[in-house]
Amino acid sequence: MRVSEITPAELAKYAREDESDSDVLSTFTLILSAVKAYIKGYTGLSDEQLDTKEDVSIAVFVLANEMYENRIFTVKDNNVNKVVQAILDMHSINLL
């Protein structure tokens, strides 16, 4: 699945929430935008480039779920989800 094809309803379903609930969808719409911005900033990849990396979709789902469940950003006390970090590091073109 391409990153651009991921919908808030799919994220809600992944989080085992009611994907027909407008409040849940509204929250996941915001989360999806934030996750995409985070991934693009982390990797330096454009939307088009992200769509060529199918494994990045997994990172979108994991990050969105973490943000929804914890209501905090995935980085806490300098600890990043290791699966997400490994996926994003493989595609990072940023040399920071």
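Quantities reported herein were computed from a predicted structural model and do not represent experimental measurements.

Enquirer: It is not clear to me how unusual backbone geometry should be interpreted in this structure. Could you clarify?
Expert: What you tend to see is this: most non-glycine residues have negative phi, and most peptide bonds are trans. Although it is not a glycine, Arg-16 adopts a positive phi angle of roughly 60°. Assignment of secondary structure puts Arg-16 in the loop between helix H1 (8-14) and helix H2 (22-43).

Enquirer: Where do I start with the nonpolar core in this structure?
Expert: In a soluble, globular protein the nonpolar side chains are often hidden away together inside. Ranked by size, the top nonpolar core spans 26 residues in total, and within it Leu-11, Phe-28, Val-35, Ile-39 and Val-60 carry the most contacts. Those elements that provide at least two residues to this core are H1, H2, helix H4 (56-70) and helix H5 (82-91). Ranked by residue count, the leading element in this core is H4, at 9 residues. Sequence-distant contacts of Val-60, that is, excluding residues within four places in its chain, are made with Val-3, Ile-6, Leu-11, Leu-32, Val-35 and Ile-39.

Enquirer: Would you take a moment to explain H5 for this structure?
Expert: Residues Val-84, Ile-87, Leu-88 and His-91 constitute the buried set of H5. Taken around the axis of H5, the buried residues stretch over an arc of 90°, which confines them to a single face. Of the exposed residues in H5, those oriented more than 90 degrees away from the buried face are Lys-82 and Met-90. Residues of H5 that are buried sit in contact with H2 and H4.

Enquirer: Help me understand the packing of aromatic side chains, please; the structure alone is not making it clear to me.
Expert: The geometry of an aromatic ring pair comes down to the distance between the two centres and the angle between the two planes. Tallied over the entire structure, the rule returns 3 aromatic pairs. Aromatic side chains Tyr-38 and Tyr-42 sit 5.9 Å apart centroid to centroid with 45° between the ring planes, which places their arrangement in the tilted category. Pair noted here: Tyr-38 and Tyr-42 are both in helix H2, with a separation of 4 residues, about one helical turn. Take Tyr-38: its relative accessible area is 17%, and that puts it in the buried class.

Enquirer: I would appreciate a short explanation of the pattern of salt bridges in the present structure.
Expert: Pairing is possible between side chains of opposite charge, provided their charged atoms come close. Going through the model one piece at a time under the given rule, you end up with 1 salt bridge. Measuring nitrogen to oxygen at the nearest pair gives 3.2 Å for the salt bridge that ties Lys-40 to Asp-47. Judged by its relative accessible area of 30%, Lys-40 falls in the partly exposed class. Asp-47 sits in the partly exposed class, given a relative accessible area of 40%.

Enquirer: How should the environment of Asn-65 be read in this particular structure?
Expert: With respect to the helices, strands and loops of the structure, Asn-65 is situated in helix H4. Linking Asn-65 and Leu-32, residues 33 residues apart in sequence, is a C-alpha distance of 9.9 Å. With residues near it in sequence (within four places) discarded, Asn-65 still touches Tyr-14 and Ala-15.

Conventions adopted
Residues numbered from 1 in each chain as written. Predicted model: local features only at pLDDT ≥ 70, side-chain atom pairs only at ≥ 80, totals over all residues. Heavy atoms only, no water. Helix = DSSP H or I, 4+ residues; strand = E, 2+ residues; numbered from the N terminus. Core = buried A, V, L, I, M, F, W, Y, C linked by side-chain atoms within 4.5 Å. Buried < 20%, exposed > 50% of the residue type's maximum accessible area, 1.4 Å probe, protein only. Contact = heavy atoms within 4.5 Å. Arc of directions from axis to C-beta. Phe/Tyr/Trp six-rings, centres within 6.5 Å; stacked < 30°, edge-to-face > 60°. Salt bridge = Lys/Arg side-chain N within 4 Å of Asp/Glu carboxyl O.

Worth remembering: the numbers are spatial, not functional.
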